[in-house]
Amino acid sequence: MPPSKDYNRTSQSSQNKTNSLSSAPPLKTLPPQPNISQLENFALSALAPSMAVVFTLPFDTVKVRMQLQGEVKIMKDITGKTIRVTAEKVYKSSLDCLWKTFKYEGIRGLEKGLNPSILKESSKNVFRLGLYDPILSVIHPKDDSTSSSSAPAWKRMLSGGICGALGAVSANPFELVKTRLQSSAAGAIAVGNQYRYNSVLSALRHIMSKEGGVMGLYRGSMISVYRGILGSAANLSCYTMLRDYALREGYPEGVPLDMGCSLLSAFASVVFMNPLDVVRTRLYNTSSSIKDRQPIFYTIKTIVKNEGWRSLYKGFGTHFMRIGPHFCLTFVFLEQLKRGVKQIKLEEYQRKLQQPHYS
């Protein structure tokens with residue numbers, strides 16, 4: 001029986017489809033989706049706080065001087081009797097310190113230690129901010145790009161603490177120089193030991209030659225590590241948890257969200273950091289003589305015994321006045337820089353898709 005016309009038409013149609021599929025051009029590989037590389041993340045993490053410190057350094061200078069004044073020293077009089085000598089208080093309050101510094105030294109006095117501050121912020125935050133997400137990803141593996149919000153608080157704190165410790169070690173030499181430069185003041189308003197360094201390089205050379213070589217640059221490094229662990233654990237965990245919660249609740253991503261989360265996380269950070277900050281400031285400012293150096297816990301005991309527990313929160317207001325705006329500007333700059341880089345990469349990605357090779 002001869003095949004029907006319908007069968008012939010069906011067979012011809014199937015053959016045409018087969019020929020059409022076989023003759024179709026191969027599928028093109030799309031360009032990779034735009035994302036920030038780890039190297040770019042390191043660079044932005046160092047750049048953002050370096051920009052922020054230019055605006056917040058005056059408050060840091062005031063904080064250092066407030067923490068140094070009123071220090072009680074144990075001395076012996078001419079008869080050999082031990083006496084307690086309390087240094088005269090030069091500043092009535094943080095605002096008084098801010099005004100007197102400006103009055104006697106001008107803007108340059110408020111911005112003392114700017115160069116080591118920039119070096120400190122960049123060397124510290126390349127680890128503190130740059131490694132936070134990678135370490136958290138190891139502690140809390142992510143199945144997709146949105147699962148980071150599922151990380152519990154203790155994992156975020158652990159990641160922040162590790163990053164804070166690494167950042168504290170890398171930045172300690174510049175932190176030491178910065179503190180000494182900030183304590184150096186005009187005679188009428190000077191507090192603590194006075195160091196007359198001409199530059200960051202001359203300060204590093206002097207410390208290495210007079211205070212035990214490279215180890216002298218790491219004076220107070222352990223207290224910096226403890227401070228970095230507590231401060232970064234509180235700051236980074238609070239910031240990321242608050243931000244993730246706000247985004248889940250439908251708050252729009254942008255500068256207002258970055259500012260609110262960073263200010264709240266800054267307050268939590270200062271609560272944990274201030275006691276260790278007072279101790280570290282005293283250690284950094286102590287005499288360069290090796291015999292005058294004191295262990296960390298002995299310094300804490302001496303401060304509490306001679307000045308009371310409340311002395312550990314000296315300069316709290318100024319500390320927050322510095323840390324609050326600093327963290328606020330840091331995270332605003334950081335998020336804005338990341339958005340800018342992503343936007344540039346997205347535009348490049350869209351241009352590639354419009355090329356004939358991908359169409």
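Residues numbered from 1 in each chain as written. Predicted model: local features only at pLDDT ≥ 70, side-chain atom pairs only at ≥ 80, totals over all residues. Heavy atoms only, no water.

In the annotation of an unreviewed UniProt entry, the entry for the protein chain reads Mitochondrial carrier domain-containing protein, and the organism field reads Glomus cerebriforme. Its UniProt record, at the heading Sequence similarities (unreviewed entry), says of the protein chain: "Belongs to the mitochondrial carrier (TC 2.A.29) family." UniProt, in its Subcellular location (unreviewed entry) section for the protein chain, records the words "Mitochondrion inner membrane". (UniProt positions renumbered as here; feature names shortened; annotations may be inferred.)

**Quick look at the overall build of the protein chain**
When its secondary structure is counted, the protein chain shows eleven helices and two strands. When the helices and strands of the protein chain are read in sequence order from the N terminus, they spell out α-α-β-β-α-α-α-α-α-α-α-α-α. Sorting the 359 residues of the protein chain into buried and exposed places 45% on the buried side. For the protein chain, the accessible area works out to roughly 19,400 Å², and carbon and sulfur atoms hold 63% of it. (Helix = DSSP H or I, 4+ residues; strand = E, 2+ residues; numbered from the N terminus. Buried < 20%, exposed > 50% of the residue type's maximum accessible area, 1.4 Å probe, protein only. Areas by Shrake-Rupley, 256 points an atom, 1.4 Å probe, with all protein chains shown as cover.)

**Focus on helix α10 (residues 296-307)**
With twelve residues, α10 should reach 16 Å at 1.5 Å per residue; the first-to-last C-alpha distance of 16 Å fits that figure. Of the residues making up α10, those classed as buried are Ile296, Thr299, Thr302, Ile303, Val304 and Asn306. Directly beyond the C-terminal end of α10, a positive phi value near 90° is found at Gly308. (Expected span 1.5 Å × (residues − 1).)

**Re the packing of helix α8 (residues 221-248) against helix α11 (residues 316-353)**
Put simply, α8 and α11 touch, their axes get as near as 13 Å, and they point 55° apart. Overall, the two elements α8 and α11 adopt an arrangement that is oblique. Considering only the axes of α8 and α11, their crossing is right-handed. Contacts from Arg227, Asn235, Leu236, Tyr239 and Arg243 of α8 reach α11 at His319, Phe327, Phe331, Glu335 and Arg339. Classifying every residue of the contact of α8 with α11 gives four nonpolar, two polar and four charged. (Axes fitted to C-alpha atoms, helices over the stretch in contact; angles between N-to-C directions. Parallel < 35°, antiparallel > 145°, perpendicular 65-115°, else oblique. Left-handed = near helix turned anticlockwise from the far one by under 90°. Contact = heavy atoms within 4.5 Å. Nonpolar A, V, L, I, M, F, W, Y, C, P; charged D, E, K, R; others polar.)

**Re the confidence of the model for the protein chain**
Taken over all residues, the pLDDT of the protein chain has a mean of 83, while the share at 70 or more is 81%. Residue range residues 17-25 is modelled with pLDDT below 50. Its contacts to residues more than four positions away, or to other chains, number zero contacts. (pLDDT = per-residue confidence, 0-100.)

**A few points about the side chain of Gln182**
Relative to the helices and strands, Gln182 is located in helix α6 (residues 153-183). A distance of 3.0 Å separates a polar atom in the side chain of Gln182 from a polar atom in the side chain of Asp60. (Polar contact = N/O pair within 3.5 Å; in protein donor to acceptor, adjacent residues only side chain to side chain.)

**Thoughts on the packing of aromatic side chains**
All told, the structure shown has seven aromatic pairs when counted by the stated rule. Ring geometry for Phe267 and Phe320: centres 5.8 Å apart, planes at 80°, overall edge-to-face. Pair noted here: Phe267 is in helix α9 (residues 255-285) and Phe320 is in helix α11, with a separation of 53 residues, a long-range link. For Phe267, a relative accessible area of 43% corresponds to the partly exposed category. For the ring pair Phe327 and Phe331, a centre distance of 6.4 Å and an interplane angle of 65° mean the geometry is edge-to-face. Residue Phe327 and its partner Phe331 are located together in helix α11, separated by four residues, close to a single helical turn. (Phe/Tyr/Trp six-rings, centres within 6.5 Å; stacked < 30°, edge-to-face > 60°.)

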